[in-house]
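Chain by chain, the residues:
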Amino acid sequence: MDRREPRVLVAYGSKYGSTAEIADRIGDVLSKSGCATAVCPAREAVQDVSAYDAVVLGGALYAGHWHRDARRFARRARRALGSRPVWLFSSGPLDPSAAERDIPPVPGVRRIADRLDANGHITFGGRLDEHARGRMARMLVDSGKGGDFRDIAQITGWAERIARELLAARGGERATGDATDVMDVTDVTEGE
């Protein structure tokens, strides 16, 4: 049985920073649970993922499409990703729906999940605040549809489940499960 720490790459596509913060939280939880974890933007992620035992890939959702950097990474690393455990996440709903029920992946992400034989996918709520740039983002904020809808406990729990699965496969025991170690993201000012 392999007793070393599982090596996990957490890559993400994010426009305004909210998805990056989700990826950072996932990376923190995995690290504290006993995984050797690297977190980086998908556009900067390594070309060769063979150094990693597992990959978590996430992307922000815009108009029903996953962030292009996440899509490109999945396409670029498809062969290597197909031979290791992969989990996918999306972020984007600007309402509490993602915390209230399971939201299935959008069609493009579903196709990626199928191609990669992903171990799972989850959709987390997004964030859009008064500092968001772009005409559509401003219109949403001005119409009262902005806010932070990320559920940090949900993100933490999902990452802990991944850590437990990876550590169980390695014969390890360490996984936190301590919900008191939740990152406070209320002071962040960038939009999704």
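Residues numbered from 1 in each chain as written. Predicted model: local features only at pLDDT ≥ 70, side-chain atom pairs only at ≥ 80, totals over all residues. Heavy atoms only, no water.

Peer 1: What should I look at first to understand the overall build of the chain in this one?
Peer 2: Scanning the chain for helices and strands turns up seven helices and eight strands. Evaluated residue by residue, the chain yields a buried proportion of 49% over its 192 residues. Long-range contacts, defined here as pairs at least 24 residues apart, represent 80% of the contacts in the chain between residues at least 6 apart. When the accessible area of the chain is evaluated, it comes to approximately 9,500 Å², of which 48% is carbon and sulfur surface. (Helix = DSSP H or I, 4+ residues; strand = E, 2+ residues; numbered from the N terminus. Buried < 20%, exposed > 50% of the residue type's maximum accessible area, 1.4 Å probe, protein only. Contact = heavy atoms within 4.5 Å. Areas by Shrake-Rupley, 256 points an atom, 1.4 Å probe, with all protein chains shown as cover.)

Peer 1: Please clarify how the pattern of salt bridges should be interpreted in this entry.
Peer 2: Where charged atoms of side chains with opposite charge meet at close range, the side chains can pair. The final tally for this structure, using the stated rule, is seven salt bridges. For D53, the salt bridge identified is with R7, shortest N-O distance 3.1 Å. Residue D53 is located in the loop between β2 (36-41) and β3 (54-62), and its partner R7 is located in strand β1 (residues 7-13); the two are separated by 46 residues in the primary sequence. By relative accessible area, which is 31% here, R7 ends up partly exposed. (Salt bridge = Lys/Arg side-chain N within 4 Å of Asp/Glu carboxyl O.)

Peer 1: Got a minute to help me understand the packing of aromatic side chains in this structure?
Peer 2: For any pair of aromatic rings, geometry is given as the distance between the ring centres together with the angle between the planes. Under the criterion given, the structure shown has three aromatic pairs. Measuring from ring centre to ring centre gives 5.9 Å for F89 and F124, while their planes differ by 55°; the resulting arrangement is tilted. Here F124 lies in strand β6 (residues 120-124) and F89 lies in strand β5 (residues 86-91), a separation of 35 residues in the sequence. Consider the rings of F89 and W158, whose centres lie 6.2 Å apart with planes at 70°: the pair is edge-to-face. Residue F89 is found in strand β5, and its partner W158 is found in helix α7 (residues 152-170); the two are separated by 69 residues along the sequence. Side by side, F89 and W158 carry an identical accessibility label, which is buried. Three or more aromatic residues joined by ring pairs form one cluster here, namely F89, F124 and W158. K15 extends its terminal NZ or CZ atom over the ring of Y62, reaching a point 5.5 Å from the ring centre. (Phe/Tyr/Trp six-rings, centres within 6.5 Å; stacked < 30°, edge-to-face > 60°. Lys NZ or Arg CZ within 6 Å of the ring centre and 35° of its normal.)

Peer 1: Looking at this structure, how should I read helix α1 (residues 18-32)?
Peer 2: Each α-helix winds once per 3.6 residues, and so residues spaced three or four apart point in a common direction. Counted at 1.5 Å a residue, the expected span for α1 with its 15 residues is 21 Å, and the 21 Å between its end C-alpha atoms agrees. With 11 of its 15 residues buried, α1 lies for the most part within the structure. Looking only at α1, the buried set comprises S18, T19, A20, E21, I22, A23, R25, I26, G27, V29 and L30. Remark: G34 follows α1 within two positions and exhibits a positive phi of approximately 110°. (Expected span 1.5 Å × (residues − 1).)

Peer 1: Help me understand a positive patch on the surface, please; the structure alone is not making it clear to me.
Peer 2: Side chains of K15, R68, R71, R72, R75, R78, R79, R110, R111 and R115 sit close together on the surface and give a patch of like positive charge. Only α2 (68-76), α3 (78-81) and α5 (107-116) provide two or more residues apiece to the positive patch. Here the positive patch gets four residues from one element, more than from any other, and that element is α2. Residue placement: R68 occurs in helix α2. (Patch = residues over 30% accessible without salt bridge, like charges linked within 9 Å, V, L, I, M, F, W, Y side chains within 5 Å. Lys, Arg positive; Asp, Glu negative; His and termini not counted. Charge placed at Lys NZ, Arg CZ, Asp CG, Glu CD.)

Peer 1: I would appreciate a short explanation of the packing of α1 against α7 in the present structure.
Peer 2: Where α1 contacts α7, the two axes come as close as 9 Å, and the packing angle between them is 45°. Considered as vectors, α1 and α7 are oriented oblique to each other. Helix-helix and strand crossings are classified by hand; for α1 and α7 the assignment is right-handed. Of α7, the residues touching α1 (which contributes I22, R25, I26, V29 and L30) are I152, I155, T156, W158, A159, E160, I162 and A163. In the contact of α1 with α7, the residues fall into 10 nonpolar, one polar and two charged. (Axes fitted to C-alpha atoms, helices over the stretch in contact; angles between N-to-C directions. Parallel < 35°, antiparallel > 145°, perpendicular 65-115°, else oblique. Left-handed = near helix turned anticlockwise from the far one by under 90°. Nonpolar A, V, L, I, M, F, W, Y, C, P; charged D, E, K, R; others polar.)

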